[in-house]
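Notes for the structure review
The primary structure of each chain is shown beneath.
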Amino acid sequence: MKFNIKKLAKKANVSVATISRVINAETRSKVAPDTLQRIDALIQEVGYTPSFAAKHLRRTSTKTIGIVFPYVENIFYSSYYTHILSGVANYLLQTDYQFKMLLLRDEKDKWSNYNFKIGEGVDGLIVTQWFRFFSDKDVVNRMKIPCAIINDYEEGLNARFVCADNASGGRLAAEHFFDQGHRQMACIIGPDWSRDSRERLNGFKAALAEKGVPLDEAVVQSGDFDDEKVTFQALETILTKQPQTTAIFCCNDNMAFMIIQKLKEKGIGCPEPISVIGFDDDFRA
């Protein structure tokens, strides 16, 4: 039995308008959670596809790639995101594809059952920070289009990943500091949501542990990749708890630049008496 929106509404015992709100990412939040869950399950069960969707699906390709970014303030002041955008744009200049930038808020209920092929007319997605938009691995696995994810590697996702070997990078930082004679080291990690940052810290700690140099948790402080105030406070805490610190590993280059500048303002030289290592290969390095 092929379901149209009227038949689906009848089976779900709701109005056509309610079904319409459920299948529209921008209006899903207006539907009661229990009703939303029930209709989503029914849509999955019967394999319902909106009629307007079928029209789009008949088109084999739109020659458009979607690039998903978090919708946060001043995002493109960050060199990290502008580099990604520039890289995609530069490559697609050589092809007959175009790209569509998608700024998504952290509202997982909107995107968990959203069909990007239909709703945005894209043939594939390039995604940053996938875990901020999608509630679980299955969301990515259910996508009907190819998906490439930048960083934040996760086992079991049906996607290609483009990411650094974060743990190995952290190890290299620790080994370099150790070889230079440093024993009083500290680390400034990124915000809690940053999986990459945690992997870098884990690699750093593991290398030091193998060399018999424990890293005191008191001098592992959370900074912010872009917020100077938070990062400066992390530095102050480190210098208070471990005044003899001679080396600081920052989990991205932007924080490293912030720390070097702040040390200079405090009259503390770099690399003597405090060495600083960043991570990312920022163009300013």
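Each remark here, short or long, concerns the structure printed above.
Residues numbered from 1 in each chain as written. Predicted model: local features only at pLDDT ≥ 70, side-chain atom pairs only at ≥ 80, totals over all residues. Heavy atoms only, no water.

Re the packing of aromatic side chains
- With the rule as written, the count across this model stands at seven aromatic pairs.
- Seen in terms of ring centroids, Trp193 and Phe225 are 6.0 Å apart; in terms of plane orientation they differ by 80°. Their pairing is edge-to-face. Highlighted residues: Trp193 in the loop between β6 (185-189) and α10 (195-210) and Phe225 in the loop between β7 (220-222) and α11 (228-241), separated in sequence by 32 residues.
- Ring plane angle 25° and centroid distance 4.9 Å describe the contact between Phe204 and Phe249, whose orientation is recorded as stacked. In this pair, Phe204 sits in helix α10 while Phe249 sits in strand β8 (residues 247-250), placing the two residues 45 residues apart along the sequence.
- The exposure class of Phe204 is buried, given its relative accessible area of 0%.
- By way of ring pairs, the aromatic residues Phe69, Phe76, Tyr80 and Tyr81 are connected into one cluster.
- Sitting above the plane of the Phe178 ring, Arg183 keeps its charged end 3.7 Å from the centroid.
- Geometry around Phe232 places Lys262 over its ring, the cationic atom sitting 4.9 Å from the centre. (Phe/Tyr/Trp six-rings, centres within 6.5 Å; stacked < 30°, edge-to-face > 60°. Helix = DSSP H or I, 4+ residues; strand = E, 2+ residues; numbered from the N terminus. Buried < 20%, exposed > 50% of the residue type's maximum accessible area, 1.4 Å probe, protein only. Lys NZ or Arg CZ within 6 Å of the ring centre and 35° of its normal.)

Observations regarding the nonpolar core
- Ile188, Phe204, Leu215, Ile248, Phe249, Cys250 and Ile259 are the most contacted members of the largest nonpolar core, which has 35 residues in total.
- Secondary-structure elements contributing two or more residues to this core are α9 (166-179), β6, α10, α11, β8, α12 (253-265) and β9 (275-277).
- Sort the elements by how many residues they give to this core and β6 lands first, with five residues.
- Setting aside residues up to four positions removed in sequence, Leu215 forms contacts with Met185, Ala186, Cys187, Leu201, Phe204, Lys205, Leu208 and Val220.
- In terms of nonpolar packing, the next biggest core, distinct from the first, is built from 22 residues, Phe133, Phe134, Val139 and Leu157 among them. (Core = buried A, V, L, I, M, F, W, Y, C linked by side-chain atoms within 4.5 Å. Contact = heavy atoms within 4.5 Å.)

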